[in-house]
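Summary of the model geometry
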Amino acid sequence: DVKVTQSSRYLVKRTGEKVFLECVQDMDHENMFWYRQDPGLGLRLIYFSYDVKMKEKGDIPEGYSVSREKKERFSLILESASTNQTSMYLCASSDTSNQETQYFGPGTRLLVL
Amino acid sequence: GQNIDQPTEMTATEGAIVQINCTYQTSGFNGLFWYQQHAGEAPTFLSYNVLDGLEEKGRFSSFLSRSKGYSYLLLKELQMKDSASYLCAVREADGYALNFGKGTSLLVTP
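Please read all numbers here as calculations on a predicted model, not as lab measurements.

Examining the pairing of strand β5 (residues 42-49) of chain A
Residue and element names in this part refer to chain A. With seven of eight residues buried, β5 is to be regarded as a mostly interior element. As paired elements, strand β4 (residues 31-38) and β5 share seven bridges and run antiparallel to each other. Within β5, the position partnered with Trp 34 by the bridge is Tyr 47. In this antiparallel pair of consecutive strands, β4 and β5, the connection spans three residues, and Gly 40 shows a positive phi of 80°. Note: β5 against strand β6 (residues 56-57), two bridges, orientation antiparallel. Bridge pairing in β6 places Phe 48 opposite Glu 56.

Focus: the interface of chain A and chain B
Counting from both sides, the interface comprises 21 residues of chain A and, opposite them, 18 residues of chain B. Roughly 1,600 Å² of surface becomes buried between chain A and chain B when both sides are summed, with 58% attributable to carbon and sulfur atoms. Here chain A is connected to chain B by three residue pairs in polar contact (both at pLDDT 80 or more). Mapped by element, the contributors of at least two residues to the side of chain A that touches chain B are β4 and β5 of chain A. In the side of chain A that touches chain B, the residues fall into 10 nonpolar, eight polar and three charged.

Some points on the side chain of Gln 6 of chain B
Residue and element names in this part refer to chain B. Here Gln 6 is to be found in the loop between β1 (2-5) and β2 (9-13). Relative accessible area serves as the criterion here: at 14%, Gln 6 is assigned to the buried category. In terms of polar contacts, Gln 6 uses its side chain to reach the backbone amide nitrogen of Cys 88, at 3.1 Å. Here Gly 103 takes part through its backbone nitrogen, which lies 3.3 Å from a polar atom of the side chain of Gln 6.

Quick notes on the state of the cysteines
Going through the model one piece at a time under the given rule, you end up with two disulfides over all chains. With a sulfur-sulfur separation of 1.9 Å, Cys 23 of chain A is cross-linked through a disulfide to Cys 91 of chain A. Taking the torsion about the S-S bond as the criterion, the Cys 23 of chain A to Cys 91 of chain A disulfide, at about -75°, is left-handed. Here Cys 23 of chain A is found in strand β3 (residues 19-25), whereas its partner Cys 91 of chain A is found in strand β9 (residues 87-94), with 68 residues between them in sequence. Assigned by exposure class, Cys 23 of chain A and Cys 91 of chain A land together as buried. Here Cys 22 of chain B engages in a disulfide with Cys 88 of chain B; their sulfurs sit 2.0 Å apart. The S-S bond linking Cys 22 of chain B to Cys 88 of chain B shows a torsion near -70°; that makes this disulfide left-handed. Residue Cys 22 of chain B is located in strand β3 (residues 18-26), and its partner Cys 88 of chain B is located in strand β9 (residues 84-91); the two are separated by 66 residues in the primary sequence. Grouping residues by exposure puts Cys 22 of chain B and Cys 88 of chain B together as buried.

As for the sheet that holds strand β1 (residues 4-6) of chain A
Pairing between sheet strands relies on hydrogen bonds along the backbone, with the strands arranged either parallel or antiparallel. Residue and element names in this part refer to chain A. As summarised here, the arrangement of the four strands in space is β1-β3-β8-β7, forming an open sheet in which the pairing is antiparallel. For this open sheet the edge positions go to β1 and β7 (64-70), each flanked by a neighbour on one side alone. Neighbour-to-neighbour, the strand axes of the sheet open up by a mean angle of 20°, direction not taken into account. Sheet topology places β1 next to β3; three bridges connect them, and they run antiparallel. Looking at the pairing, Gln 6 lines up with Cys 23 of β3.

Digging into the pattern of salt bridges
The final tally for this structure, using the stated rule, is nine salt bridges over all chains. Notably, a salt bridge pairs Glu 22 of chain A with Arg 73 of chain A, separated by 3.9 Å at the nearest N-O pair. One end of the pair, Glu 22 of chain A, is in strand β3; the other, Arg 73 of chain A, is in strand β8 (residues 73-78), and 51 residues separate them in sequence. Residue Arg 73 of chain A is classed as partly exposed on the basis of its relative accessible area of 37%. Note that Lys 76 of chain B is salt-bridged to Glu 56 of chain B, the shortest N-O span being 3.7 Å. Taken together, the positions of Lys 76 of chain B in the loop between β8 (70-75) and β9 and Glu 56 of chain B in strand β6 (residues 53-57) put the pair 20 residues apart, joining distant regions of the chain. The exposure class assigned to Lys 76 of chain B is partly exposed, which follows from its relative accessible area of 27%. Residue class for Glu 56 of chain B comes out exposed when judged on its relative accessible area of 57%. Connected via shared salt-bridge partners are Arg 36, Asp 38 and Arg 44 of chain A.

Rules and cut-offs
Residues numbered from 1 in each chain as written. Chains lettered and ligands numbered in written order. Predicted model: local features only at pLDDT ≥ 70, side-chain atom pairs only at ≥ 80, totals over all residues. Heavy atoms only, no water. Buried < 20%, exposed > 50% of the residue type's maximum accessible area, 1.4 Å probe, protein only. Helix = DSSP H or I, 4+ residues; strand = E, 2+ residues; numbered from the N terminus. Pairing = 2+ DSSP bridges. Contact = heavy atoms within 4.5 Å. Buried area = accessible area lost by both parts, 1.4 Å probe. Polar contact = N/O pair within 3.5 Å; in protein donor to acceptor, adjacent residues only side chain to side chain. Nonpolar A, V, L, I, M, F, W, Y, C, P; charged D, E, K, R; others polar. Disulfide = S-S within 2.5 Å. Axes fitted to C-alpha atoms, helices over the stretch in contact; angles between N-to-C directions. Salt bridge = Lys/Arg side-chain N within 4 Å of Asp/Glu carboxyl O.

What follows is the structure in structure tokens.
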């Protein structure tokens, strides 16, 4: 079974803090993704990576950055957290050889005060 | 870009059949996915269609018509545990990422 894990299920941070969300997958997938999910807006892509050290902007990259130093790990960074970044953050990974079906981690619910 | 539409909410009775529709507009198409998401949990993969027709997997089936930009997810013999949000997602040609609809919240009642 594919396993995607995220470092925290719940996180509370203050405005202006630098926040790191970590995602690890154990299936040697090439592609990894970060989404945020908000009521009424659905899942929106922030960034994705198709290889180590490679990254591509998604639909809403502003206020975020990412890092992929190792194949299994994809980090999402909020440089200076703001209240409008309060959301559910979901990481996913996919394998080019398997229809590129995306498998999701359990999510991190972030509250920025 | 893409525009993906699906109903916001649906209600159905335990044991019945329900069809959740999804329409999309895209400049290129390379597959349509359905995911199930229970409240507070991550989405889980249900089905994948890239060619026209019906894909059946147990109680769940998914249909695709590329010429009409249309898909549906069919759930048979509904169970209470099927109460969840169902997400339609489309991948563009030459793309890695998926574009998701806003999801359909299905409530199964006794």
